[in-house]
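So the chains spell out like this:
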Amino acid sequence: ANVFSPARQLLGRFCRSERGNVAVIFTFAITPILMMTGAAIDYTRATNARAAMQAALDTTVLMISKDAANLTAAQITSKADSYFKALYSHSEVLSVTTTAVYSPPTGSTPAKLVMTGGGKVNTQFMKIAGYPSLDLKTGATTTWGNTKLRVALALDVTGSMNSDGKLAA
C-alpha cells in the first residue's frame, strides 16, 4: 500500500485539477498520434499485400520453369498470368498487373523468366494527408539450363598426398 500511495495522491490531484492545460495539450497531441497510428495501419496493409504478391510471383516463376521447355513464349506468358491469378487473392489490391518475359537459352546463357507485378492499395487514414493510395511493385526471376556439371570427390585418408607438395599441386 505504501508503494502506490504517492501515485494515488498524484492521480487524485490530476483529477481535481481545474487548470485545463492537460486538455489543451491532449487536443493538440491526439491529432498527430491518430495520424501516425492510421499511417502505420495503412502501411501494414500495403506491406502485407506486397509480401503475398511476392510469394505468389516466386511460386509462379518456379512452376513455369518446370514446364517451360515444352511451351512457347506466348504460352509461358499466358500460364504465368493464370497461375498468378490463382495464387494471389488480395481483394484490397486494385489494378493488379503482371508481366512475364521469357528469354530462351542461347549457347552458354541459361533460360530465364522474369516476372513483375504491381497494384494499388487504397488508404483509409493516409488519404487525409494527401496519399489516397499506395503503389505496390515486386518481381521474381528464375534461371535454368541444361548444362551438366560433373563433380568428383576423392578422399585420401592415408596422408600420402601431404608429402612432396602433392596437396598444394
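Whatever comes next refers back to the structure up there.
Within any chain, residue numbers begin from 1 and follow the written order of that chain's sequence. At least 70 in pLDDT is required for a residue's local features to be given in this predicted model, at least 80 for side-chain atom pairs to be given and counted, and no such filter applies to totals for whole chains, interfaces and linings, which use all residues. Only hydrogens and water are set aside when side-chain values are computed; all heavy atoms of the structure are taken into account.

Give me the environment of Leu167: which residues, what numbers.
Strands are runs of DSSP state E lasting at least 2 residues, helices are runs of H or I lasting at least 4, and numbering of each runs from the N terminus. With respect to the element layout, Leu167 can be found in the segment after strand E3 (133-144). Exposure remark for Leu167: the relative accessible area of 62% places this residue in the exposed category. Beyond its immediate stretch of four places on either side in the chain, Leu167 contacts Met161 and Asn162. Burial status follows relative accessibility: with a 1.4 Å probe on protein chains alone, a residue under 20% of its type maximum counts as buried, one over 50% as exposed, and anything between as partly exposed. We call two residues in contact when some of their heavy atoms are within 4.5 Å.

I'd like a rundown of the nonpolar core, residues and numbers included.
Ranked by internal contacts, the top residues of the largest apolar core, which has 23 residues, are Phe84, Tyr88, Val93, Leu113, Met115 and Leu136. Going through the elements one at a time, helix H2 (21-67), helix H3 (73-87), strand E1 (93-103), strand E2 (111-122) and E3 are the ones with two or more residues in this core. With seven residues, H2 is the single largest residue contributor to this core. Beyond its immediate sequence surroundings of up to four residues, Leu136 is in contact with Ala46, Ala49, Arg50, Tyr88, Val93, Gly117, Gly118, Gly119 and Val121. Grouping buried Ala, Val, Leu, Ile, Met, Phe, Trp, Tyr and Cys residues that are joined through side-chain atoms within 4.5 Å yields what is termed a nonpolar core.

Please provide a residue-by-residue account of the layout of surface pockets, values included.
In this analysis a 1.4 Å probe is tested at points of a 1 Å grid over the protein atoms alone, and where it fits but cannot get out there is a cavity; an open set with protein on both sides within 12 Å along at least five of seven lines is a pocket; lining residues have an atom within 4 Å of a point. Grid points are joined across faces, edges and corners, and a volume is the space filled by probe spheres set on the points. In this model, the largest pocket occupies a volume close to 260 Å³. Counting residues per element, the ones that place at least two in the lining of the largest pocket are helix H1 (5-16) and H2. By residue number, the principal contributor to the lining of the largest pocket is H1, which donates three residues. Gly is placed with the polar residues, together with every amino acid not listed as nonpolar (Ala, Val, Leu, Ile, Met, Phe, Trp, Tyr, Cys and Pro) or charged (Asp, Glu, Lys and Arg). Classifying every residue of the lining of the largest pocket by side-chain character gives three nonpolar, three polar and three charged.

Tell me about the pattern of salt bridges, and please be specific about residues and values.
Think of a salt bridge as a Lys or Arg side-chain nitrogen and an Asp or Glu carboxyl oxygen that are within 4 Å of each other. Going through the model one piece at a time under the given rule, you end up with three salt bridges. Between Arg45 and Glu92 there is a salt bridge, and its shortest N-O distance comes to 3.5 Å. A residue pair is termed long-range when its members are at least 10 positions apart, and Arg45 in helix H2 and Glu92 in the loop between H3 and E1 qualify at 47 residues. For Asp81, the salt bridge identified is with Lys85, shortest N-O distance 3.2 Å. One end of the pair, Asp81, and the other, Lys85, are both in helix H3, four residues apart, so they sit about a helical turn from each other. Lys85 sits in the exposed class, given a relative accessible area of 58%.

With reference to specific residues and values, describe the sheet that holds E1.
In short, DSSP must find at least two bridges between two strands for them to pair. What the three strands build is an open sheet, ordered E1-E2-E3; its pairing is antiparallel. The two strands at the open ends of the sheet, each matched to only one other strand, are E1 and E3. For this sheet, the mean inter-axis angle between neighbouring strands, taken without regard to orientation, is 10 degrees. Pairing geometry for E2 and E3, over twelve bridges, is antiparallel. Within E3, the residue paired with Gly119 across the bridge is Leu136. Along the sheet, H2 contacts E1, E2 and E3; its crossing angle with E3, the most-contacted strand, is approximately 20 degrees. Across the sheet, H3 lies against E1 and E2, angled at about 150 degrees from E1, the strand it touches most. To define axes, lines are fitted to C-alpha atoms, for helices over the stretch in contact only, and angles between the resulting N-to-C directions are given on a 0 to 180 degree scale.

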